[in-house]
Amino acid sequence: MNGEPVRKIVIVGGGTAGWMAAAGISKILGGFPGLSIQLVESEAIGTVGVGEATIPQILSFNNLLEIDENEFVRETHATYKLGIEFVDWLRPGHSYVHPFGTYGLDMLGIEFHHFWLRGLETGAQEPLDPYSIAAAAGKAGKFYWPQLNNPRSPLSKLSYAFQFDASRYAAFLRRRAEAQGVVRREGRVVQVHQNGKTGFVEAVELEDGSRIEGELFLDCSGFRSLLIGQTLGVPFEDWSKWLPCDRAVAVPCTLAGDREPLTRSTARPAGWQWRIPLQHRIGNGHVYSSAHIGEDEATDLLLANLDGEPFAQPNHLRFTAGHRERFWEKNVVALGLAGGFLEPLESTAIHLVQSSIARLMAFFPTTAFGEQEVRRFNRETTREYVDIRDFLVLHYKATERDDSEFWRYCRNLPPPDGLAEKLAIYEGSGRVLREHEELFTETSWLSVMAGQGIKPKGYHPVAAMLDEEETTRRLAHIRQVVAQAVSQMPTQDDFLQQQGSAIAASERVTA
Ligand SMILES: Cc1cc2nc3c(=O)[nH]c(=O)nc-3n(C[C@H](O)[C@H](O)[C@H](O)COP(=O)(O)OP(=O)(O)OC[C@H]3O[C@@H](n4cnc5c(N)ncnc54)[C@H](O)[C@@H]3O)c2cc1C
């Protein structure tokens, strides 16, 4: 073997990224002889405290950890999530859902949406939502598990994720990680010791003078980027030209309004507002561009648009869209906010942590730290960021809104190359391209391109093989099957009760 296996891992930071890494890595490598995983965090510094909405990939992380779903939902006060509802993004008064799962039914060997496009031309004017069981159930406040073993059921087209309390999630993971042997160290890192020759990190020093030595360091220190940024000086690639939002203000409110299993994103004059309904409260936040609106106005706008009563001080956050040029440098791997930030419009940050953990496990080093593997890790992680960036930019770029300086800037921005190609192909022929194994599927791209009002000039020629009447009939049938399936699903509240994963009524924060 080239080098000894890495046995001493030090995780700097105990936010979502740190505890996900601790729980995931101790689960996978737990049986490794001589392995030690230490996590250092500082209660005085605290965590970013937001990050409540996820995407379906989290299910595989939960499976890896052998998490009992009902226990997980109850303990993190989670709700189910079937997609994101985008309100006022195309124009005020308009809304659509980016659903988890797929639309309709493929026919004649080609994707469903080509028949939908043909239907638009021949009289079936319904938008995409009623063809998606996730969108339709989400809007109706219903939830049931997917029936993947029954391909004839509309529920086989469903996928789901969770919305949970970020601090409860970190605490949940911490319990598991500690039970799997991870040792937590409390204290502020005040100094980082590097090898004089190689620059590799050898130890971090806490304010009480204690040293924590390691062979591999995971930088989970949040926006401070203590190791990869401050110590190793890896430059930050700034994407704020494409994603100008650079501030957020977050506030929880009491339960009120719809109980839909959907995250809601409502466009605002200089950004957008999230609404994440949990079992005990609603999480809210306003993501905005400071070049276009001031902090006070942004906060007032948020507070004026809550369903319930706010019950904490607004939490103000600053960020820059982009990422470290390298996520892995020497013996430091950055996870979470230490490595980069993409605004939470599509709830991707927790997934990025998860996929980097999986990649790190695939490329788990020896003390020789092979350069090729490190390069490959960095290339794949960067590509994932680029793919997500392009998908986010689509939401801003394809809009009819021109009611503020912010929206005029976004709609007139030349798109990044990858997005420009996807847009041109969809506009020309209705084809939806998915690059390599990128995170967002054809369904996701279609939902946002169609939802943001892009109208293709054509569709797959095979779709024209069905005559108009048959096309209309089949489309109506699919809508009816979806609606019927939704009518038989329980409401999310009933589902939580049935599963025993509902929290006690006394834990709900109500006005
Ligand atoms: C406005 C906003 C909304 C978001 N919404 C979502 C969402 O809906 N879905 C989603 O997936 N993601 C979301 N995210 C991202 C998500 O919150 C983060 O990706 C996730 O919480 C990971 O954060 P972290 O662990 O990297 O950093 P943090 O939570 O900031 O944790 C950093 C840790 O490092 C420690 N630390 C720092 N410096 C030191 C030091 N010197 N010594 C010791 N310890 C130190 C801190 O104490 C803390 O424990 C959102 C982010 C923002 C900003």
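Above this text sits the structure in question.
Residues numbered from 1 in each chain as written. Predicted model: local features only at pLDDT ≥ 70, side-chain atom pairs only at ≥ 80, totals over all residues. Heavy atoms only, no water.

**What about the packing of aromatic side chains?**
For the structure shown, the criterion picks out 31 aromatic pairs. An aromatic cluster is defined as three or more aromatic residues linked by ring pairs; in this entry it consists of F72, Y80, F143, Y144, W145, Y160, F162, F164, Y169, F172 and F495. Positioned above the aromatic ring of W239 is the side chain of R389, whose terminal nitrogen or guanidinium carbon lies 4.6 Å from the ring centre. Sitting above the plane of the W242 ring, R389 keeps its charged end 4.3 Å from the centroid. (Phe/Tyr/Trp six-rings, centres within 6.5 Å; stacked < 30°, edge-to-face > 60°. Lys NZ or Arg CZ within 6 Å of the ring centre and 35° of its normal.)

**Some points on the sheet that holds strand β12 (residues 236-238)**
Adjacent strands of a sheet form backbone hydrogen bonds with each other and so pair up, either parallel or antiparallel. The strand order across the open sheet formed by three strands is β12-β18-β21, and the pairing between neighbours is antiparallel. In this open sheet, the two edge strands, each paired with only one partner strand, are β12 and β21 (340-341). Note: strand β18 (residues 322-324) against β21, two bridges, orientation antiparallel. Considered in β21, the bridge of H323 is made with G340. (Pairing = 2+ DSSP bridges. Helix = DSSP H or I, 4+ residues; strand = E, 2+ residues; numbered from the N terminus.)

**Overview of the site of the ligand**
G14, V50, A53, V189 and I350 are the nearest of the 33 residues found near the ligand. C220 places a main-chain nitrogen or oxygen 3.4 Å from an oxygen atom of the ligand. Starting from 1,000 Å² of accessible surface for the ligand in isolation, the protein chains cover 97%. Those elements that provide at least two residues to the shell around the ligand are α1 (16-29) and α9 (349-362). Residues of the shell around the ligand, tallied by class, amount to 16 nonpolar, 13 polar and four charged. (Near = heavy atom within 4 Å. Polar contact = N/O pair within 3.5 Å; in protein donor to acceptor, adjacent residues only side chain to side chain. Areas by Shrake-Rupley, 256 points an atom, 1.4 Å probe, with all protein chains shown as cover. Nonpolar A, V, L, I, M, F, W, Y, C, P; charged D, E, K, R; others polar.)

**Brief notes about the sheet that holds strand β15 (residues 271-277)**
Read across the sheet, seven strands follow the order β5-β4-β14-β15-β16-β13-β17 without closing on themselves; strand pairing throughout is mixed. Among the strands making up the open sheet, the edge pair consists of β5 (95-99) and β17 (315-318). Pairwise comparison of adjacent strand axes, ignoring direction, gives a mean angle of 20° for this sheet. In terms of strand pairing, strand β4 (residues 83-87) meets β5 through five bridges, oriented antiparallel. Bridge pairing in β5 places I84 opposite H98. (Axes fitted to C-alpha atoms, helices over the stretch in contact; angles between N-to-C directions.)

**Re the pairing of strand β16 (residues 282-288)**
Most of β16 is tucked away: seven of the seven residues are buried. The alternating pattern of β16 places I282, N284, H286 and Y288 and G283, G285 and V287 on opposite faces, both of which are buried. Bridging between strand β13 (residues 247-253) and β16 involves seven bridges; their strand directions are antiparallel. Each residue of the ladder has a partner; that of R247, found in β16, is Y288. Looking at chain direction, β15 and β16 are connected through seven bridges and run antiparallel. Among the inter-strand pairings, W272 is bridged to a residue of β16, identified as V287. Counting the residues that bridge the hairpin from β15 to β16 gives four residues. (Buried < 20%, exposed > 50% of the residue type's maximum accessible area, 1.4 Å probe, protein only.)

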